[in-house]
There are 2 protein chains.
Amino acid sequence: MPELAYVNGKIGPVEEAVVPIEDRGYNFGDAVYEYVASYGGRLFRLEDHLARLSRSMAGLFFPPVSIDQVRDAINELYRASGIERAGIYLQLSRGVDRRDHPFPKAPVPQLVMTVRPLKEKPAHLRKDGAAVITVTDFRWGRCDLKTVQLLPNVMAKQQALDSGAFDAVFVSDAGIVREATSSNFFIVSGGMLMTHPLTENILAGITRQVLLEIAAEQKIQVEERFFTLEEVFAADEAFLSGTTTEVLPVVTIDGNPVGDGKVGPLSEKLFATLRQAAQE
Amino acid sequence: MPELAYVNGKIGPVEEAVVPIEDRGYNFGDAVYEYVASYGGRLFRLEDHLARLSRSMAGLFFPPVSIDQVRDAINELYRASGIERAGIYLQLSRGVDRRDHPFPKAPVPQLVMTVRPLKEKPAHLRKDGAAVITVTDFRWGRCDLKTVQLLPNVMAKQQALDSGAFDAVFVSDAGIVREATSSNFFIVSGGMLMTHPLTENILAGITRQVLLEIAAEQKIQVEERFFTLEEVFAADEAFLSGTTTEVLPVVTIDGNPVGDGKVGPLSEKLFATLRQAAQE
């Protein structure tokens, strides 16, 4: 079957999968999520996704959830799908209760998933690189938690598309470049990789972490530090990293070229190395 | 029947009301809401709630929704409930579509409601006033839009309860007192009312507006301006305003008394006048 949904233990068609209207994910955005990709029939970095899911839940004071059961459920759904290159979306809400701000007394987290063939990014985007716009970061203060508080991300992504760009990059009031709407952001300068340090303002991306590991193995110097848009324009390369973007070169920002405005060699090399690691 | 739900035209038991797992309200918090109270069998300020609903939808670039149909649906549900003093929760999401950040091509907004007896605030809270705590405002930048991006509100409310307080008041990085987790915030100083001006950082509360109208009628001076916590402690009175809080005196903040730490006369008078206006 090409697409499947999972709701609290039951697997079935996506169109028939429902949740109660008083699921707190629906009324308050009181839910966390993960998106896991498979390569060649294997879920890539599943344990890292599960570890982050735990951290997100702990950050929101969710009741204890068995990660072993979540892992089993993901594997069960993935096996049932029979899809070699799949994307699994997983959402865990705090529970269902009469709508009221305080945490419910005895919440039962709800696990909802979908599995589908993963749609690859268009070849021209990988070849020519992406245009992005900048948007002042107007998200909430806990972007380190992977929650469904995603309306600012949705609005910024749509604004990017409306202006002919691929994505938007959030820049702080103080001019610090943070991350894109669903990807982390890297620059390459003098052969060195730079990316925003892990704070409450960005997500600890799994792909970001994999790239830092690859850089360590390949003796590529890395600095996790704050940098401005001016530093990005002065850089040699820039790219987005994420589960579906993988390593996606950014060639213009707000219409102005990054470096020479072409896809750079380190971005290409890191994409190839990441793919290799994922397919091993 | 004591409690009812409405989902896209169908009225039934709350427990049976469901939405698809790919409703954007569930995956992205891409939904707006209102909460309307009835007094003596009449919905209070329904037109103001509908007008704000329109503004919230416009702010998110929702497709056009017929406010006449929404009004009819609310009235239909309210009549079906037969509840004199009710609270109607109404949520409109952008629509249902395969999960992806960009707006769907042809979204159909989903209307979901519940109606229940409104639970009055405890008598002791109204009589003795409420304790609140302060929390640095970590919400997103569009709190003027009444969306379900409410996780920071949930967390701050729970933090307040955990510390024995009734609610939390969000204070900006620069020390400006904004509003509570689901109420606006007023102070009284030398017989004058003060509240935060309408910016993107607070909700344009309906009760806030009613109170400003009452103040104008009663020749009470009003200033909509920024003020700090220091100014709150130096004030004579403070109170929360909202559809369910109505006018709720705040007597301590972070354990320190506001004014003499007792419920003040203007707070009491405004509560009585608001109730009178609502019941007329």
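Residues numbered from 1 in each chain as written. Chains lettered and ligands numbered in written order. Predicted model: local features only at pLDDT ≥ 70, side-chain atom pairs only at ≥ 80, totals over all residues. Heavy atoms only, no water.

## Considerations on helix H5 (residues 151-162) of chain A
The terminal C-alpha atoms of H5 of chain A lie 16 Å apart, and with 12 residues this matches the ideal 16 Å at 1.5 Å per residue to within 8%. Counting buried positions along H5 of chain A gives nine out of 12 residues, so the element sits mostly inside the fold. Along H5 of chain A, the positions that sit buried rather than exposed are Leu151, Pro152, Asn153, Val154, Met155, Ala156, Lys157, Gln158 and Ala160 of chain A. Looking at the buried side of H5 of chain A, the elements it contacts are strand E8 (130-136) and strand E9 (167-171) of chain A together with helix H1 (24-28) and helix H2 (46-59) of chain B. Of the residues flanking the end of H5 of chain A, it is Gly164 of chain A, one or two places downstream, whose phi is positive at about 80°. (Helix = DSSP H or I, 4+ residues; strand = E, 2+ residues; numbered from the N terminus. Expected span 1.5 Å × (residues − 1). Buried < 20%, exposed > 50% of the residue type's maximum accessible area, 1.4 Å probe, protein only. Contact = heavy atoms within 4.5 Å.)

## Focus on the environment of Glu76 of chain B
With respect to the helices and strands, the residue Glu76 of chain B is situated in helix H3 (residues 67-81). The partly exposed category is assigned to Glu76 of chain B, whose relative accessible area is 36%.

## Overview of the sheet that holds strand E6 (residues 86-93) of chain B
Residues and elements named next belong to chain B. Strand order in the open sheet formed by six strands is E2-E1-E7-E6-E4-E5, and the pairing between neighbours is antiparallel. Here the strands that pair on one side only, and so sit at the sheet edges, are strand E2 (10-12) and strand E5 (42-43). Pairing between strand E4 (residues 31-39) and E6: seven bridges, direction antiparallel. Bridge pairing in E6 places Tyr35 opposite Tyr89. In the packing of H2 onto the sheet, the strands contacted are E4, E5 and E6, and the crossing angle to E4 comes to about 175°. Across the face of the sheet, H3 comes into contact with strand E1 (4-7), E2, E4, E5, E6 and strand E7 (110-117) while running at roughly 30° to E7. (Pairing = 2+ DSSP bridges. Axes fitted to C-alpha atoms, helices over the stretch in contact; angles between N-to-C directions.)

## With respect to the packing of helix H6 (residues 206-217) of chain B against helix H8 (residues 265-279) of chain B
Residue and element names in this part refer to chain B. With their axes 11 Å apart at the nearest point, H6 and H8 run at an angle of 105° to one another. Classed by the angle they form, the pair H6 and H8 counts as roughly perpendicular. In contact with Thr207, Val210, Leu211 and Ile214 of H6, H8 contributes Leu270, Thr273 and Leu274. Split by residue class, the contact of H6 with H8 holds five nonpolar, two polar and no charged. (Parallel < 35°, antiparallel > 145°, perpendicular 65-115°, else oblique. Nonpolar A, V, L, I, M, F, W, Y, C, P; charged D, E, K, R; others polar.)

## Let's talk about the sheet that holds strand E5 (residues 42-43) of chain A
All names here are of chain A. Judged by pairing direction, the sheet is antiparallel, and its six strands sit side by side in the order E2-E1-E7-E6-E4-E5 without closing on themselves. Two strands close off the open sheet at either side, each with one partner strand: strand E2 (10-12) and E5. Against the sheet, helix H2 (residues 46-59) contacts strand E4 (31-39), E5 and strand E6 (86-93), and its axis sits at roughly 175° relative to E4.

## Here we look at the interface of chain B and chain A
Taken together, the contact between chain B and chain A spans 55 residues of the former and 55 residues of the latter. Together chain B and chain A conceal approximately 4,500 Å² of surface at their shared face, both sides included; 66% is due to carbon and sulfur atoms. Between chain B and chain A we count four salt bridges in total. Glu3 of chain A is the partner of Arg98 of chain B in a salt bridge, and the nearest nitrogen-oxygen pair spans 3.4 Å. The interface formed by chain B and chain A includes 23 residue pairs in polar contact (both at pLDDT 80 or more). Of all the elements in the fold, those that place two or more residues in the side of chain B that touches chain A are E1, strand E3 (18-20), H1, E6, E7 and helix H5 (151-162) of chain B. With eight residues, the top contributor of residues to the side of chain B that touches chain A is H5 of chain B. Residues of the side of chain B that touches chain A, tallied by class, amount to 28 nonpolar, 15 polar and 12 charged. Pairing analysis gives three bridges linking strand E3 (residues 18-20) of chain A to E3 of chain B, with the strands arranged antiparallel. Residue pairing across strands places Val18 of chain A opposite Pro20 of chain B, the latter belonging to E3 of chain B. (Buried area = accessible area lost by both parts, 1.4 Å probe. Salt bridge = Lys/Arg side-chain N within 4 Å of Asp/Glu carboxyl O. Polar contact = N/O pair within 3.5 Å; in protein donor to acceptor, adjacent residues only side chain to side chain.)

## Notes on the domain arrangement of chain A
Residue and element names in this part refer to chain A. In terms of domains, chain A is made up of domain 1 (4-117) and domain 2 (123-279). Taken residue by residue, the interface counts 24 residues in domain 1 and 21 residues in domain 2. Across the domain 1 to domain 2 interface the summed buried area is about 1,900 Å²; carbon plus sulfur atoms make up 61%. It is Tyr33, Tyr39 and Arg52 that lose the most area in domain 1 upon contact with domain 2, and together they represent 35% of the buried surface on that side. On inspection of domain 1 and its partner domain 2, the count reaches two salt bridges. In this structure, Arg85 and Glu246 form a salt bridge, with 3.8 Å as the shortest nitrogen-oxygen distance. Applying the counting rule to domain 1 against domain 2 returns eight residue pairs in polar contact (both at pLDDT 80 or more). (Domains from an automatic or database assignment.)

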